[in-house]
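Now for the letters of each chain:
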Amino acid sequence: MKINENTLLEGDKAVLVPYNAEHVPRYHEWMKSPELQQLTASEPLTLEQEYDMQRSWREDNDKCTFIILDKQRWADSSVEEEQCMVGDVNIFLTDPTDPTLAELEIMIAEPSHRGKGIGNEVTRMMMSYGVTKLGVKNLEVKIGLNNQVSIAMFKKLHFQEVSVSEVFKEVTLGMTVDESVRSRLLEDTADMKERDYRQTCSNRREQVPQ
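Calculation rules
Residues numbered from 1 in each chain as written. Predicted model: local features only at pLDDT ≥ 70, side-chain atom pairs only at ≥ 80, totals over all residues. Heavy atoms only, no water. Pairing = 2+ DSSP bridges. Helix = DSSP H or I, 4+ residues; strand = E, 2+ residues; numbered from the N terminus. Axes fitted to C-alpha atoms, helices over the stretch in contact; angles between N-to-C directions. Contact = heavy atoms within 4.5 Å. Phe/Tyr/Trp six-rings, centres within 6.5 Å; stacked < 30°, edge-to-face > 60°. Buried < 20%, exposed > 50% of the residue type's maximum accessible area, 1.4 Å probe, protein only.

Structural notes on the sheet that holds strand β4 (residues 85-93)
Sheet strands pair by backbone hydrogen bonding; their relative direction is either parallel or antiparallel. Here we have 9 strands laid out as an open sheet, ordered β7-β8-β6-β5-β4-β3-β2-β1-β9, and mixed in their pairing. In this open sheet, the two edge strands, each paired with only one partner strand, are β7 (160-165) and β9 (193-196). Put simply, the sheet's adjacent strands are angled 25° from each other on average, direction ignored. Two strands pair when backbone bridges link them, and strand β2 (residues 14-18) and strand β3 (residues 63-70) are joined in this way by 5 bridges, in the antiparallel orientation. Across the sheet, residue Leu16 finds its bridge partner in β3, namely Ile68. Against the sheet, helix α8 (residues 197-206) contacts β1 (7-10), β2 and β9, and its axis sits at roughly 80° relative to β9.

Laid out in structure tokens, this is it:
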């Protein structure tokens, strides 16, 4: 989606930025991991295919993707943005006849950044963005049955079990965003800041010692 091509979202632990071409080499290295391929139900791609995928995610109207940055590293302007990458988060509008239905995906690719609350914060940030900017009213997540950490996290965020597929070995959890959910989301993310991405990058470069 182009809606977020100049959007930066800043939380307490993480910063979300648009998925750009300069992020692709690091992303490509992540996706060579058999563990991540299994967790994301992905096939390994060539680097050129990964660039094509990045372009399609930017252009397609049914996909909204952010790269997750470690805020502490990103706060050091001498560290390149690509070196701050820890994962990605996506919203897919899965039904052309119902633009309010979306599937949420999150990947913390860097093992050293798991179990620190980043996934929980980023999920709430993305849910808030989807609800307020994209008009999402029904959210779903599909999680491998062996990924108990993610299942527990989404259930803690009030997602309910919708179905279990033994064939695909995954569980589908869902949430309807009514007024109480919307209010809770906005309250949970009240400290989230939305910034102009290009301007923030420019400011960050100016802070680098010459």
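Overview of the packing of aromatic side chains
Across all of its chains, the model carries 6 aromatic pairs by this definition. Taken together, Tyr19, Tyr27, Trp30 and Trp57 form an aromatic cluster joined through their ring pairs.

Remarks on the side chain of Glu110
Following the sequence through the fold, Glu110 ends up in the loop between β5 (101-108) and α5 (118-133). Leaving out residues up to four positions away in the same chain, Glu110 has contacts with Arg26, Trp30, Met85 and Val86.

With respect to unusual backbone geometry
Most peptide bonds take the trans configuration, and most residues that are not glycine carry a negative phi. Residues other than glycine seldom take positive phi values, yet His158 does so here, at roughly 80°. With phi around 55°, Lys169 is a residue other than glycine that occupies positive phi space. Among the secondary structure elements, Lys169 is positioned in the loop between β7 and β8 (170-176). By relative accessible area, which is 57% here, Lys169 ends up exposed.

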